[in-house]
Amino acid sequence: MSTPIIDDTLRRQIADGLAGQFKGDIIGPDHAEYQEARQVWNAMIDRQPGLILRCTSTADVVAAVNVAREHGLPPSVRCGGHNVAGKGMSEGGLTIDLSGLREVTVDPGRQLVHAGGGCLLGTVDAATAPHALVVPAGIMSETGVAGLALGGGIGWFSRKHGLTCDQFVSLELVLASGEVIEVSADSHPELFWALRGGGGNFGIVTRFTFAAHDFGPMMRIGVSLYDEEHAAAALREYAALVPTLPRHVGWHAALKHDMPALPFVPPELVGRRVVMLFSMWLDDAADPAGEEIIDRLCDVGESLVKASTVMPFAGAVQHLIDVEFEDGHRYYTKEAHVAELADEAIDRLVDFWKDMPMEGEVEIIGLGGAIGDVPEDATAFSNRGYLLWLNFAMRWDDPALDGEYIQMTRDAVTGLKPWTGQGVYVNMLNFDEMDRVVEAMGGPEKYARLGRIKAQYDPGNLFSVNANIVPAAVPGVTPAPSAP
Ligand SMILES: Cc1cc2nc3c(=O)[nH]c(=O)nc-3n(C[C@H](O)[C@H](O)[C@H](O)COP(=O)(O)OP(=O)(O)OC[C@H]3O[C@@H](n4cnc5c(N)ncnc54)[C@H](O)[C@@H]3O)c2cc1C
């Protein structure tokens, strides 16, 4: 279905209807902030929404949802704008922008964090760090909390504490009807199950309450870099050691097109094609046991350089890759769970990386640990058992290269099929993978359960600009098909 278009007449009608009740910004194509407001992370997504309603409160979100419902405008919902398929921005229709909902309050006594539905990861980290607390989330500061958490949320602390959605205590949710409800394990439990991995299908979250954990503010990290000659050997050692690590150690690999100027990188290696191993001690940074194990991980293989250091987590570690993945470049990503990081798989990865013309990196993300403590049927999030995930995060600037580079990335992932597992991360579903939503949701049985919950809370499929769950058939209700 194509998204309904908002023309001048409808725009005026909506603006008039919102007068006096909507306190945020009503941004049409003539608004001074329109060009900036329509930008998302991926420059390949160049959409021209008919109207952006930038909300500042739950009441604003209710008003915006009422507009969407009353005018038959399935809205795109934007938090951090990092959705790889660009689902946060509408083409011609309505975008509900939550960037005015970024308040964070920390209750250190109860170790709870209340975060507005438009927060970025960095907003939350900056608020929790002074209390030596952390809400486990992603690996950079600019990703939106809402998109990330509702689809699961993997990152530095996943091995120790599980996914971001595993930290949900309660959520304030604006339903398609405009009703505001509080969802928790005790209140709307079936919906709570669905929100832990089911994405933005069920309403707009205006406030998350997360369980926070003691950490920091300092973090011990270790880095080692390898050239083409020694990369495969280092990755083989990595593959052998990852399963032996305690869950308070995280270890990732990144096959980088060009090494950015990070604090621990000597100038002669900046811009070089290298493999980086990145380890982190997820406990007290001053603990000698942390230094010992991080040093040991830095020692694998024949590195060009290695460094073990202590840095503020929120102020430094969480910003290390912000520049590499800044807004405004063309990006194509592809995720796959790793069944086995066999020698041949490593060789294929290294062969691809050695010649890849795209900038960016191939990431091998060390997960496992606490993620798998939660039973598969306890949340909508699925395929918890994998120890390693792969993510191809490719970047370039010339639109003429889109087709070739996308195909090259797809082919690389296809070539790794013998070693990849089942399922795919819903948050990494790209524009060409929307036929994989059932797979991302864990298969037909879980998807059917999600469809029944969707039918109860959003029977008309108003929230369809996402990795869409179609409402299960309800007599007398015809859901709108999902919009792009
Ligand atoms: C550079 C980069 C780094 C990433 N790193 C990680 C990582 O470390 N860990 C990880 O797990 N994932 C990571 N991701 C993937 C990320 O989780 C998804 O792209 C996610 O969709 C981004 O959320 P967002 O709020 O920024 O996106 P947006 O594009 O703003 O929103 C995406 C979707 O989320 C839904 N949504 C947004 N806000 C709300 C809300 N308040 N209520 C209901 N639904 C809402 C909507 O359906 C919307 O279409 C990364 C992505 C990028 C581009």
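Summary of the structure given here. (Residues numbered from 1 in each chain as written. Predicted model: local features only at pLDDT ≥ 70, side-chain atom pairs only at ≥ 80, totals over all residues. Heavy atoms only, no water.)

Okay, the site of the ligand next. Around the ligand, 34 residues are found, and the nearest of them are Cys 79, Gly 81, Gly 144, Ile 154 and Tyr 425. Measuring from an oxygen atom of the ligand, one finds a backbone N or O atom of Gly 80 at 3.1 Å. Against a free-state accessible area of 960 Å², the protein chains account for coverage of 94% of the ligand. Of all the secondary-structure elements, those providing two or more residues to the shell around the ligand are strand E3 (76–78), helix H5 (145–151) and strand E10 (204–211). Ranked by residue count, the leading element in the shell around the ligand is H5, at four residues. Per-class residue counts for the shell around the ligand are 17 nonpolar, 15 polar and two charged. (Near = heavy atom within 4 Å. Polar contact = N/O pair within 3.5 Å; in protein donor to acceptor, adjacent residues only side chain to side chain. Areas by Shrake-Rupley, 256 points an atom, 1.4 Å probe, with all protein chains shown as cover. Helix = DSSP H or I, 4+ residues; strand = E, 2+ residues; numbered from the N terminus. Nonpolar A, V, L, I, M, F, W, Y, C, P; charged D, E, K, R; others polar.)

Moving on, we come to the pairing of strand E12 (residues 218–226). The buried fraction of E12 amounts to eight of the nine residues, a majority that puts the element mostly inside the structure. Here seven bridges tie E12 to strand E14 (residues 274–281), and the two strands are oriented antiparallel to one another. Its bridge partner lying in E14, Arg 220 is registered against Trp 281. (Buried < 20%, exposed > 50% of the residue type's maximum accessible area, 1.4 Å probe, protein only. Pairing = 2+ DSSP bridges.)

The strand order E15-E12-E14-E13-E17-E18-E16 describes an open sheet built from seven strands, whose pairing is antiparallel. Edge positions in the open sheet fall to strand E15 (305–312) and strand E16 (330–338), since each of these has one partner strand only. With direction set aside, neighbouring strand axes in the sheet form an average angle of 20 degrees. Taken together, the eight bridges between strand E17 (residues 359–366) and strand E18 (residues 388–396) define a ladder with antiparallel strand orientation. (Axes fitted to C-alpha atoms, helices over the stretch in contact; angles between N-to-C directions.)

Take the sheet that holds E10 next. The sheet built from five strands is open, its strands ordered E5-E6-E10-E8-E9 with antiparallel pairing. Strands with a single pairing partner mark the edges of an open sheet, and in this sheet they are strand E5 (104–107) and strand E9 (180–184). Put simply, the sheet's adjacent strands are angled 15 degrees from each other on average, direction ignored. Relative to E10, strand E6 (residues 112–116) runs antiparallel, the two sharing five bridges.

Attention now moves to the packing of helix H8 (residues 228–241) against helix H10 (residues 343–355). At a closest axis distance of 10 Å, the pairing of H8 and H10 adopts a crossing angle of 145 degrees. As H8 runs across H10, the sense of the crossing is right-handed. Together, Glu 228, Ala 231, Ala 232, Leu 235, Arg 236 and Ala 239 of H8 and Asp 343, Ile 346, Asp 347, Val 350, Trp 353 and Lys 354 of H10 make up the contact between the two elements. (Left-handed = near helix turned anticlockwise from the far one by under 90°. Contact = heavy atoms within 4.5 Å.)

Note that every value here comes from positions in space, so none of it alone points to a role or purpose.
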